Amino acid sequence: MYKELIKTIALFIAKPVKAWEYINTKNPTENNPLHSYAYPLMDLGSLSAFIVALVNNGSNDGFQIALKEASLLFISSFIGLYTAAFLIRIFYEKYCKEPLSFDVTIQFVVYSSSVIFIINLFNQVTSSIFFLQIFSLYTIYIVWEGSIHFLKIEESKRASFVLFSAFCMILLPIAITALMKFFMPGLQ
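In short, a report on the structure. Treat the numbers as computed from the prediction; the structure is a model and nothing was measured.

**Re the overall build of the chain**
Reasoning step 1: When you go through the chain residue by residue, the secondary structure sums to eight helices and zero strands.
Reasoning step 2: Element order for the chain, N to C, with α for helix and β for strand: α-α-α-α-α-α-α-α.
Reasoning step 3: By the compact-globule yardstick of 16 Å for 188 residues, the chain fits well, its C-alpha radius of gyration being 17 Å.
Reasoning step 4: Oriented by its inertia axes, the alpha-carbon framework of the chain measures out at about 55 × 35 × 30 Å.
Reasoning step 5: Burial statistics for the chain: of 188 residues in total, 45% are counted as buried.
Reasoning step 6: For the chain, long-range pairs separated by at least 24 residues make up 68% of all intrachain contacts whose partners lie at least 6 apart in sequence.
Reasoning step 7: Here the chain carries 13 positive and 12 negative side-chain charges, and the mean point of each set is 3 Å from the other.

**Remarks on empty space enclosed by the protein**
A probe as big as a water molecule, rolled over the atoms, marks out the empty space that is left.
Reasoning step 1: Overall, the coordinates contain two cavities of 30 Å³ or more when judged by the stated rule.
Reasoning step 2: When its volume is computed, the largest cavity comes out at roughly 90 Å³.
Reasoning step 3: Together, Ser77, Gly80, Leu81, Ala84, Val109, Ser113, Ile116, Phe117, Asn120, Cys168, Met169 and Pro173 line the largest cavity.
Reasoning step 4: Secondary structure elements with two or more residues in the lining of the largest cavity: helix 4 (62-96), helix 6 (114-125) and helix 8 (155-183).
Reasoning step 5: When the residues that make up the lining of the largest cavity are grouped by side-chain class, the tally is eight nonpolar, four polar and no charged.
Reasoning step 6: There is about 40 Å³ of room inside the second largest cavity.
Reasoning step 7: What lines the second largest cavity is simply Leu41, Met42, Gly45, Leu73, Ser77, Phe117 and Asn120.
Reasoning step 8: With three residues, the single largest contributor to the lining of the second largest cavity is helix 3 (residues 33-56).
Reasoning step 9: The residue makeup of the lining of the second largest cavity, split by class, is four nonpolar, three polar and no charged.

Analysis parameters
Each chain has its residues counted from 1, following the order in which its sequence is written. Note on the predicted model: pLDDT of at least 70 is required for a residue's local features to be given, and 80 or more for side-chain atom pairs to be given and counted; whole-chain, interface and lining totals, by contrast, use all residues. Computation of side-chain values covers all heavy atoms of the structure but excludes hydrogens and water. Only DSSP runs of H or I reaching four residues or more are called helices, and only runs of E reaching two or more are called strands; each is numbered from the N terminus. Radius of gyration means the value over C-alpha atoms here, while the globule rule gives 2.2 Å times the residue count to the 0.38 power. Here's how the labels work: a residue is buried when its accessible area is under 20% of the maximum for its type, exposed when over 50%, partly exposed in between, all with a 1.4 Å probe on protein chains only. Every residue pair with non-hydrogen atoms within 4.5 Å of one another is taken to be in contact. Note on charges: Lys and Arg go in the positive column, Asp and Glu in the negative column, and His and the chain ends are not counted at all. Note that the charge is assigned to NZ on lysines, CZ on arginines, CG on aspartates and CD on glutamates. A pocket here means an open set of points on a 1 Å grid, computed over the protein atoms alone, that has protein on both sides within 12 Å along at least five of seven lines. A cavity is instead a set of points where a 1.4 Å probe fits but cannot get out; residues with an atom within 4 Å of a point line either one. Grid points are joined across faces, edges and corners, and a volume is the space filled by probe spheres set on the points. Gly is placed with the polar residues, together with every amino acid not listed as nonpolar (Ala, Val, Leu, Ile, Met, Phe, Trp, Tyr, Cys and Pro) or charged (Asp, Glu, Lys and Arg).

Worth remembering: the numbers are spatial, not functional.
Next comes the structure, spelled out in structure tokens:
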């Protein structure tokens, strides 16, 4: 399972076109991207957030701080993933005037968010590298290739769809984290 996960991540980072072609060859009934791809990556990011926060906070409340950090990352990633899929599906159906199943949409969002998952993992370990978030813009290219190779969007509608989708995937987890910290000040 992890060998397949690493292979897919490497493909999406190095060659998104080949990665989308590879995803198209998989059997859709056997391929559940949430269980085999998204959840393990969110778990790794949350685990790294937990371990780093635990190591950095050796005080009596270190465990509590570590649990907050891990929970915040997992919840914002989880809600961001589903919210992005929901919004992208609505946008696609209104803009392209075609139905799109939620399974296809969630698969598109999960694989397009590969770089974001990896950034979340490394951001926890190396918090001193503040500019690491800039690499999340690579998601735009992955979505660009996925829109043509996976969703088969016509060329005239592609740019608007790509911008909307990529910015939903990039900004929603950040916005959800900010909202959670605002409404639950104990998470800070």
